[in-house]
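Each chain is listed here by its residues.
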Amino acid sequence: MEAGALATRLCVAIALCLVSLNCVRTDNGLGFVSIDCGGNASYSDANDILWSPDGAITGIDGVVSSVSPPAYVNTSNQTPLSSIRFFPGNQSKYCYVFNQGIVQGRAYLVRASFWAGSKLPYPTKAENSVSFKLLIYADEWDTVSITFPQTSREIDKEIYVFALRENIEVCLSGHSAITDSDVPFISSLVLRPLSNSLQPISFSVNYQNSRPLMTVSRINYGARDPSDYLRYSGTQQVGYSDIYDRIWEADTDGTLVFTNQSIVSNVTTDEVPIPVMQTARSDAESINLQFQVTPQSWYFYCAYYAELDPHVIASGQRIFDSVVSNKTTQISETYDIFGASGQYSTFLAYQKSGIYVDTPALNFDMKKTTMSLNGPLINAFEVFMTFDKDLSLGTIDVEVLVVKNISNSFGNLSTWRGDPCLPYPYNWVVCSSEERPSITEIHLENQDLSGDIPSYFNSLGKLTVLSLASNKLTGTIPDLSSLLKLTFLDLHHNNLSGTIPSFLGKLPAIKELDLRNNNFSGAIPQELLAKVSTSELDLR
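Keep in mind that this is a model prediction, so the values were computed, not measured.

Caption draft 1: Molecular detail of the nonpolar core. F114, I136, I168, F185, Y305 and F381 are the most contacted members of the largest nonpolar core, which has 108 residues in total. Among the elements that make up this core, the one with the highest residue count is strand β21 (residues 297–305) (seven residues). Not counting the four nearest positions on each side in its chain, F114 is found in contact with F132, L134, V144, I146, Q150, E154, I155, K157, L172, F185, I186 and S187.

Below, the structure written as C-alpha cells:
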C-alpha cells in the first residue's frame, strides 16, 4: 500500500482468527489489527486504536489475570496492559494466527508486548524472572526474558516480516519437556501493514532475500519528556503521528533543540512523524551513540536529520563527519544538513547494503568539521537486526493442512496451531529431520478423544506409528490403505465397531496391530491371519 493511501482513513476490516475458525473483527482504518490478550471487550484507547479481546474467541486456551498497568498509563483510559493471558498447559507452543486479509509477500510490522507488573500469578523456574521463546512461523524469533518487578514500561518485541503465505503465525514456547521454557504470558499483539517504500524493507528485499528485520532501537532524540513516546494516534492530524504505529522511544540526553515549525517528512524519508523531527539532540563538538547488539549479524540503520536552528541559514554552517564503526568495519560520511535538505526538512541517511557487526556494540560518532560554525545534530535513529537465515518453509504444506483438519475434528485438540514440526513439534507428533519435515508418528493415546476417526490420517504418507488408544472413539476404522510405511497401529480400548477391514492385512510394513477392547464384529480377515501365522504381525 502506498503512503498516500495509508494516510487516508479507509473503511477496512481485517480479522484475526486465533486457534479456531471464529474471527474477531477489528477496524482501525489503516489495516491495523490490535489484540488485547486477556481482554473481554472491544474498545478504543487514548490513541484511538481499536482493540479486540482474545477472550471473545471460541477455543482459545490459557488463563487470564488482571494486572496494574505501568505508571505512565492514564488509568481513565482502557489499555491492553491491564491484563495478561498465560498458558500453564504442557503444549510445546501456543499460537496466534493472523489469517484474514494477509497478502502473501507483503511486509508487516508485528509487535508483541509483555507487562505483568510486580510479579506473575504463577511459579517460574527462577524466582522473580521468566523466560520463554517467541516464534514467527516455524522459527525462533527472540527470547523473552523479564525480571520482576517491572517498574517502567512494557517489554516490546517487534519484527518486520514478509508474509510467507496468506497468514502470519506468532507463537509462544510452552512449558514442556520439549522447550524447557517457563509458562509464557502475553499482554498484547498487533499487526501493521508496511509500505514497500520504507528503507528497511528495501534493504531486506534487495540485500537480504526478504529476511525478517528485528527492531533493536527506534529513538526520538531531544524529547522534552522521558515519558513522551510517540506512535500512531487517530486524534492527531495527518503527519503528526506514526501511520505505521512505530513506537519512538524518548531520549532526553544532551542539549535539546526544538522548534514549533512544521517539518517536511514524506515517503522518501520514511514518513517519520513531524513531532519526532521537531526535536533533536545537539552538541558543540561531538555526539556518540552506542547500541548493544548481537555480534556476527547484519544490521541496517536509518539516521534522521532536520535543521532546526533558525540561525543556520546557509550551506556550510553545520557540517559534521559521521562514522559508523565496530571492530572491523568503519563507514565514514560527511553531512551538511542544510545543504542536503534545507531548513525544517527531513534528511534520511542510511547504508543501503547494511553493515556486518562482529562485536557486541555498534557505534555512531558524529564530530564537527574544522570549518563548521555549529556542531552535530541528530533527530532520530532506527537500528534493525537481520534474521540470521531465511524463514523456514516449515512442514510440508499438505501435511500441515492434514494436521489442522485432524485437530479441528477433535474439540480438545483445537488449541494446537502453528507448524506441527518446527521449531518444536507438537507434543503428540514425531517428525522427520528433513529441511521440510514430514510427520512420521502420531501419539494421541489417553487424550479423551471422541467421535469417529477422521479419514485425514490416510494422507500422511510417511506415517510409521499411529496410536489412538484409550480414548472414546466410535464408528468404524476408516480407510488407511495409503499408509504404506505404517508399522504400528494401536486402537485398543475405544468403542469402535463394525468389521475389521481387510486392507489392514495388505499394509506392507505393518508389524503390530492392537484392536483390543472394542466392539468389532465378524471374522478376522484372512490377510491378517496369514501375517500372524508367519510371525510377520503381532495382532492383539
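Caption draft 2: Examining the pairing of strand β33 (residues 472–475) more closely. Judged from the three bridges that link them, strand β31 (residues 450–452) and β33 form a sheet pairing that is parallel. The residue bridging G451 from the neighbouring strand is L473, located in β33. Pairing of β33 with strand β35 (residues 495–499), which is carried by two bridges, proceeds in the parallel orientation. Note on β35: the bridge partner recorded for T474 is N495.

Caption draft 3: Looking closely at the environment of R85. Among the structural elements, R85 can be located in strand β7 (residues 83–86). Separated by 2.9 Å, the side chains of R85 and D54 make a polar contact.

Caption draft 4: Region of interest: the sheet that holds strand β18 (residues 255–258). Pairing in this open sheet of three strands is antiparallel, and the strands run β18-β19-β27 from one edge to the other. Strands with a single pairing partner mark the edges of an open sheet, and in this sheet they are β18 and β27 (377–378). For strand β19 (residues 279–282) and β27, the ladder comprises two bridges, and the chain directions are antiparallel. Across the sheet, S282 pairs through a bridge with L377, a residue of β27.

Caption draft 5: Representation of helix α5 (residues 397–409) in the model. The terminal C-alpha atoms of α5 lie 19 Å apart, and with 13 residues this matches the ideal 18 Å at 1.5 Å per residue to within 8%. Along α5, the residues that are buried comprise E399, V402, V403, I406 and S407. One side of α5 holds all its buried residues, which, seen down the axis, span an arc of 135°. Among the structural elements, β30 (439–443) are those in contact with the buried residues of α5.

Caption draft 6: View of the pattern of salt bridges. One pass over the full model with this rule turns up 21 salt bridges. The residue D448 makes a salt bridge to K472 at a minimum N-O spacing of 3.1 Å. Linking D448 in the loop between β30 and β31 with K472 in strand β33, this pair joins segments that are 24 residues apart in sequence. Take D448: its relative accessible area is 46%, and that puts it in the partly exposed class. For the salt bridge of R540 with D538, the shortest nitrogen-to-oxygen distance reads 3.7 Å. Several salt bridges converge on common partners, so that one network encompasses R111, E158, R192, R218, R231, D245 and E382.

About the criteria used
- Residues numbered from 1 in each chain as written.
- Predicted model: local features only at pLDDT ≥ 70, side-chain atom pairs only at ≥ 80, totals over all residues.
- Heavy atoms only, no water.
- Core = buried A, V, L, I, M, F, W, Y, C linked by side-chain atoms within 4.5 Å.
- Buried < 20%, exposed > 50% of the residue type's maximum accessible area, 1.4 Å probe, protein only.
- Helix = DSSP H or I, 4+ residues; strand = E, 2+ residues; numbered from the N terminus.
- Contact = heavy atoms within 4.5 Å.
- Pairing = 2+ DSSP bridges.
- Polar contact = N/O pair within 3.5 Å; in protein donor to acceptor, adjacent residues only side chain to side chain.
- Expected span 1.5 Å × (residues − 1).
- Arc of directions from axis to C-beta.
- Salt bridge = Lys/Arg side-chain N within 4 Å of Asp/Glu carboxyl O.

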